[in-house]
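# Understanding the architecture of this molecule
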Amino acid sequence: ALRGKAQTLYRLRRFRESCDQFTKLCKKNPEDVSARNDFREAIARLVEQKKGIYNFSKMQEKASKTHPPLLDHATWIGPVAVRQTESQGRGLFTTEAVKVGDLLLCEKAFAYATEHHSRPTWSSTLHVNTETRTTARGGQLALASLIIEKLCKTPSLAAAITDLHSNGFRQVSTGLIDGK
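Residues numbered from 1 in each chain as written. Predicted model: local features only at pLDDT ≥ 70, side-chain atom pairs only at ≥ 80, totals over all residues. Heavy atoms only, no water.

A few words on the overall build of the protein. The secondary structure content of the protein amounts to six helices and six strands. Going through the 180 residues of the protein one by one, you find that 19% of them count as buried. A separation threshold of at least 6 residues defines the contact pool for the protein, and within that pool the share at least 24 residues apart is 49%. A total of about 13500 Å² of accessible surface is found on the protein, and carbon and sulfur atoms cover 56% of it. (Helix = DSSP H or I, 4+ residues; strand = E, 2+ residues; numbered from the N terminus. Buried < 20%, exposed > 50% of the residue type's maximum accessible area, 1.4 Å probe, protein only. Contact = heavy atoms within 4.5 Å. Areas by Shrake-Rupley, 256 points an atom, 1.4 Å probe, with all protein chains shown as cover.)

Pasting the structure below:
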């Protein structure tokens, strides 16, 4: 039960609480190597979340060895804030003096898709929209599908998409359809 609770808190990105549960688990089962490894990961995510300390070289190395490059890291928001401008919509502004090379924020992509370099583009899935006379293929189509699937499974994430800058267009209604 402790392992399940610690892992669930980790997936919810509640790393402090996850670490607390892993501490209890490791005290009860000091020989559990898997729990110690998971605890180390939770501690690393907590440091990333609280201090913005990342090992970018290690991240790049891991990303180059896996396809797709699945990286598990915490979000960190530094000295920045989103604010409304008078003429250009919203923008990202620094909240304190920064210098070249300072990390301002680090966030995982909402969703991403890639095409594998060894798979030719012509063998990719193709979607044709006859109403708009547009096509989407491969990674582009996979990305749209992943975003839709993610939003269907977790509707509370919709604001991450619907709150984006609309460039003056009327925002689309995002009410539930068929309970989703």
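And the narrative resumes.
Moving on: the packing of helix α1 (residues 2–11) against helix α2 (residues 15–28). Packed helices, taken two at a time, are described by the angle their axes make and the gap between the axes. Running from N to C, α1 and α2 cross one another at 160°; their axes reach a closest spacing of 8 Å. In terms of orientation, α1 and α2 fall into the roughly antiparallel class. For the crossing formed where α1 meets α2, the hand is left-handed. Judged by residue contacts, Leu-2, Arg-3, Lys-5, Ala-6, Gln-7, Leu-9 and Tyr-10 of α1 engage Phe-15, Glu-17, Ser-18, Gln-21, Phe-22, Lys-24, Leu-25 and Lys-28 from α2. Residue classes in the contact of α1 with α2 are distributed as seven nonpolar, three polar and five charged. (Axes fitted to C-alpha atoms, helices over the stretch in contact; angles between N-to-C directions. Parallel < 35°, antiparallel > 145°, perpendicular 65-115°, else oblique. Left-handed = near helix turned anticlockwise from the far one by under 90°. Nonpolar A, V, L, I, M, F, W, Y, C, P; charged D, E, K, R; others polar.)

The topology assignment puts Glu-48 in helix α3 (residues 33–51). Since its relative accessible area comes to 4%, Glu-48 is described here as buried. One polar contact links the side chain of Glu-48 to the main-chain amide nitrogen of Ala-74, over a distance of 2.9 Å. Setting aside its immediate chain neighbours within four residues, Glu-48 contacts Ile-53, Tyr-54, His-73, Ala-74 and Trp-76. (Polar contact = N/O pair within 3.5 Å; in protein donor to acceptor, adjacent residues only side chain to side chain.)

It is worth spelling out the packing of α2 against α3 at this point. In contact at an axis separation of 9 Å, α2 and α3 are set at 155° when each is read in the N-to-C sense. With respect to their mutual orientation, α2 and α3 come out roughly antiparallel. Taken as a pair, α2 and α3 cross one another with a handedness that is left-handed. Contact with α2, carried on its side by Phe-15, Arg-16, Ser-18, Cys-19, Phe-22, Thr-23, Leu-25 and Cys-26, involves Ala-35, Arg-36, Asp-38, Phe-39, Ala-42, Ile-43, Arg-45, Leu-46 and Gln-49 of α3 and no other residues of that element. Tallied by class, residues from the contact of α2 with α3 come to 10 nonpolar, three polar and four charged.

This part is about the layout of surface pockets. The space that makes up the largest pocket amounts to roughly 960 Å³. Taken together, 25 residues make up the lining of the largest pocket; nearest its centre are Arg-13, Lys-108, Ala-109, Phe-110 and Lys-150. Looking at the lining of the largest pocket residue by residue, the class counts come to 14 nonpolar, three polar and eight charged. (1 Å grid on protein atoms, 1.4 Å probe; cavity = no way out; pocket = protein on both sides within 12 Å on 5 of 7 lines; lining within 4 Å. Points joined across faces, edges and corners; volume = space filled by probe spheres on them.)

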